[in-house]
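Take a look at the letters that make up each chain.
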Amino acid sequence: MTLAANCSMRAIPSSDDGFLGTETRVRRGMRQRTFDVLAVVGVFVAYTITIRLAMGLDLVGCLLGGAANTIPVVIFGVAVRRIVAQRLVGRPAGTQLVVHLALCAAFTALSYVLLIVLLGLFNGAGPEGFVVRPFSLAGAAWQSLENVTTYALIAAVSYLQIQSRAQVALHREPPGDAAPMAIAAPPASAAEKEIATAPDAPAAEPEARADGSLSRYFVRIGDELRPLDMDTVVSIGGADDYAEVRTQNEKHLVRVTLTEFARSLDPAKYVRVHRSWIVNTHRIARAEPAGGGRLLLHMENGQTISTSRDGAKLLRYRVI
């Protein structure tokens, strides 16, 4: 699901976008590299053992066969993961399906070609070159099925890692306090007003308020654009280039930074109480002290959000 209208999709660099902190990003990068290394070693060992059991080759032959099978997985698997993370996440389901079918076909074909080239290089290289021998029809069919399965695993793991990072970032309590602020709302651009008043909008035409804040966004659900009335939003959580919009009964993970949302919300209603959370003050059921000058907010949808000290101050300014 992606945000479809009423705000610019261009990322706006700012200190707020890096709210996880350098240390957290370094640890996350180290975990990712460790996972990648272990995955590559696991694939190599699995291929080597399988070749030994199935073909009975000597140790050198098994190692070379394992390397020949692993190298295509690594090269094309990295490409698949980047495409999924940077190009596919947040696209309509139909678009993702079509792209995955094309990527799977390319992954299968390219992996097979590189495999037989590497096998020829490892097993028959000499002064006059080497011979590339295609598999038999049955062998090629089996290898293709193996490549399709490998692609599915790589794609699935990529989605799980992206979702995991988003959830960890959303629910992590950073070590330091943020510098939260009431949300500033710039005037709506001409492009935003044109989109907001488009005659083919799926519901009543969304218009910018007089103060420049926007009363409605659109979220993409499958191939459809559906209006999201901002008055129904309870909270918005930020995670890297994504935001999780929560209403009374729904959640929408959209590819927009928290800073972009902040620029178009009504400051009379929305307050950034934490570097990773914006709340609708009209949807706070109650608040209680959480120690250290912080507050624990109980929202109308049952969600609880811990503020920073500065975020709590912004809310206390509203106490009468």
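Our subject in this report is the structure included herewith. Every value quoted in this text rests on a predicted model; they were computed, and no experiment measured them. (Residues numbered from 1 in each chain as written. Predicted model: local features only at pLDDT ≥ 70, side-chain atom pairs only at ≥ 80, totals over all residues. Heavy atoms only, no water.)

A few words on the overall build of the chain. Across its full length, the chain carries seven helices and 11 strands. Here the chain, with 320 residues, has 39% of them falling under the buried criterion. Look at the contacts in the chain between residues 6 or more apart in sequence, and 59% of them connect residues 24 or more apart. Carbon and sulfur atoms provide 63% of the accessible area of the chain, an area that totals close to 17100 Å². (Helix = DSSP H or I, 4+ residues; strand = E, 2+ residues; numbered from the N terminus. Buried < 20%, exposed > 50% of the residue type's maximum accessible area, 1.4 Å probe, protein only. Contact = heavy atoms within 4.5 Å. Areas by Shrake-Rupley, 256 points an atom, 1.4 Å probe, with all protein chains shown as cover.)

A few words now on the pattern of salt bridges. When charged atoms on two side chains of opposite charge get close, those side chains can pair. In this structure the tally under the stated criterion is six salt bridges. Between D36 and R81 there is a salt bridge, with its nearest N and O atoms 2.7 Å apart. Of this pair, D36 sits in helix α1 (residues 22-55) while R81 is found in helix α2 (residues 59-88), placing the two residues 45 residues apart along the sequence. Taking relative accessible area as the criterion, R81 reaches 25% and is therefore assigned partly exposed. K269 is the partner of D231 in a salt bridge, and the nearest nitrogen-oxygen pair spans 2.5 Å. Taken together, the residues span a long stretch of sequence, with D231 in the loop between β3 (224-229) and β4 (233-239) and K269 in the loop between α6 (258-262) and β7 (270-274) at a distance of 38 residues. Of the residues examined, K269 reaches a relative accessible area of 9% and is grouped as buried. (Salt bridge = Lys/Arg side-chain N within 4 Å of Asp/Glu carboxyl O.)

Another aspect to go through is the sheet that holds strand β10 (residues 294-299). Pairing within the open sheet is antiparallel, and its three strands lie in the order β9-β10-β11. Two strands in the sheet have a free side with no partner beyond their single neighbour: β9 (284-291) and β11 (304-306). Shown here is a sheet whose adjacent strand axes are inclined to one another by a mean of 20 degrees, direction ignored. In this sheet, β11 lies alongside β10 in antiparallel orientation, the contact comprising three bridges. Residue pairing in the sheet places L296 in a bridge with S306 of β11. Helix α7 (residues 309-316) contacts β9 and β10 of the sheet and is inclined by roughly 65 degrees relative to β10. (Pairing = 2+ DSSP bridges. Axes fitted to C-alpha atoms, helices over the stretch in contact; angles between N-to-C directions.)

For the rest of this paragraph, the subject is the packing of aromatic side chains. Counted by the stated rule, this structure contains two aromatic pairs. Measuring from centroid to centroid gives 5.8 Å for F107 and Y151, while their planes differ by 55 degrees, and the two rings are tilted. Residue F107 is located in helix α3 (residues 93-124), and its partner Y151 is located in helix α4 (residues 137-171); the two are separated by 44 residues in the primary sequence. Given a relative accessible area of 4%, F107 falls into the buried group. Seen in terms of ring centroids, Y112 and F135 are 5.6 Å apart; in terms of plane orientation they differ by 80 degrees. Their pairing is edge-to-face. Here F135 lies in the loop between α3 and α4 and Y112 lies in helix α3, a separation of 23 residues in the sequence. Taking relative accessible area as the criterion, Y112 reaches 17% and is therefore assigned buried. (Phe/Tyr/Trp six-rings, centres within 6.5 Å; stacked < 30°, edge-to-face > 60°.)

The next subject is the side chain of S158. By the secondary structure assignment, S158 is in helix α4. Aside from chain neighbours lying at most four places away, what touches S158 is R81 and V84.

A word on the packing of α2 against α3. Where α2 contacts α3, the two axes come as close as 9 Å, and the packing angle between them is 155 degrees. Comparing their axes, α3 and α2 come out roughly antiparallel. Relative to α3, the crossing made by α2 is right-handed. Here the residues of the contact of α2 with α3 sort into 20 nonpolar, six polar and no charged. (Parallel < 35°, antiparallel > 145°, perpendicular 65-115°, else oblique. Left-handed = near helix turned anticlockwise from the far one by under 90°. Nonpolar A, V, L, I, M, F, W, Y, C, P; charged D, E, K, R; others polar.)

Time to look at the sheet that holds strand β6 (residues 251-254). Within the open sheet, the five strands sit side by side as β6-β5-β4-β8-β7. Their pairing is antiparallel. At either end of the open sheet lies a strand with only one pairing partner, and these are β6 and β7. Strand-to-strand twist of the sheet, defined as the mean angle between neighbouring strand axes without regard to direction, takes the value 20 degrees. Relative to strand β8 (residues 277-280), β4 is paired through three bridges, and the arrangement is antiparallel. Looking at β8, one finds that I236 is bridged to I278.

Examined against the element boundaries, D266 turns out to sit in the loop between α6 and β7. The exposure class assigned to D266 is buried, which follows from its relative accessible area of 10%. For D266, the side chain forms a polar contact with the main-chain nitrogen of A268, separated by 3.0 Å. (Polar contact = N/O pair within 3.5 Å; in protein donor to acceptor, adjacent residues only side chain to side chain.)

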